[in-house]
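Listed here are the chains, written in short residue letters.
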Amino acid sequence: MNVIIIEDEKPSARRLQRMLKALEVEAETMLHSVEESLDWFQNNKHPDLIFLDIQLSDGLSFEIFETLDINSAVIFTTAYDEYALQAFKLNSIDYLLKPIDEDDLKTALTKFKGRTPQKQSVTLDFNDIKKLLVNPIEREYKKRFSVKVGQHLKLINIEDIECIYSENKGTYAYTNEGRNYLLDLTLDQLEEELEPHVFFRVSRKFYININAIKDIISYTNSRLQVKLSHFDEQEIIVARERVKDFKNWLE
């Protein structure tokens, strides 16, 4: 199987390459920009599968497909975790939300290997997708949660939540009153429920509210530690693969 990685962040590309190798998939070619990718595709046999980041250093990776007719399956690797992904109903096998999880990667590869062999050009409505990336669809996000407290139901307003985290197979909301409440949703299910300008998923375990941030501290291995106004039950560490997106989110 001929596989390539197109990803502008070289540490992320190398990490994905190592994860693929652990699954006995070799991805020797790694490209890091639209320009480099265009040059490569014009001079090399197109691969069976492309792991494709959406935002590259010199533009959106869709520009590659606008310029060339590429007959490869695509697995998107992206930090766009809500509105845009609905548009990727094409030759894409799957998408992987950064930071990439090993189990999700294995599932995506299994889906690719199990598909009916066929050669198709990637056909995208690029203009519509670019509009989605720049101007997300107007939608209603979660304003409150109803949680069970004993025999009662309690309403928790979203602005009162400092963070949402997973622990022991449960999902908990921590409020600015210093209380934990068990939610019925998983963190993955919350991805489309939380306002992306207010809540950010810093790791597989934590969503944090931007309004609850008290301090941000440099941490080991190019990571960041976040201190919230009241939550101090455990460390909140921004995963290394999410640091760049986290800094952009802060702005």
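Read on for an overview of the structure. No experiment lies behind these values; they were computed from the predicted model shown.

Within the structure shown, the criterion is met by nine aromatic pairs. One aromatic cluster is present, built from ring pairs that chain together Tyr-165, Tyr-172, Tyr-174, Phe-206 and Phe-231.

If you trace the backbone, Thr-77 turns up in strand β6 (residues 73-78). Polar side-chain contacts of Thr-77 include one of 3.5 Å to the backbone nitrogen of Asp-53. The residues touching Thr-77, leaving out its near neighbours within four places in the chain, are Glu-7, Leu-16, Phe-51, Leu-52, Asp-53, Ile-54, Leu-96, Lys-98 and Ile-100.

Among the surface-exposed residues, Lys-10, Arg-14, Arg-18 and Arg-240 lie close enough to one another that they form a single positively charged patch. The topology assignment puts Arg-240 in the loop between β17 (236-238) and α7 (243-250). On the basis of relative accessible area, Arg-240 is assigned to the partly exposed category, the value being 46%.

Parameters and conventions
- Residues numbered from 1 in each chain as written.
- Predicted model: local features only at pLDDT ≥ 70, side-chain atom pairs only at ≥ 80, totals over all residues.
- Heavy atoms only, no water.
- Phe/Tyr/Trp six-rings, centres within 6.5 Å; stacked < 30°, edge-to-face > 60°.
- Helix = DSSP H or I, 4+ residues; strand = E, 2+ residues; numbered from the N terminus.
- Polar contact = N/O pair within 3.5 Å; in protein donor to acceptor, adjacent residues only side chain to side chain.
- Contact = heavy atoms within 4.5 Å.
- Patch = residues over 30% accessible without salt bridge, like charges linked within 9 Å, V, L, I, M, F, W, Y side chains within 5 Å.
- Areas by Shrake-Rupley, 256 points an atom, 1.4 Å probe, with all protein chains shown as cover.
- Salt bridge = Lys/Arg side-chain N within 4 Å of Asp/Glu carboxyl O.
- Lys, Arg positive; Asp, Glu negative; His and termini not counted.
- Charge placed at Lys NZ, Arg CZ, Asp CG, Glu CD.
- Buried < 20%, exposed > 50% of the residue type's maximum accessible area, 1.4 Å probe, protein only.

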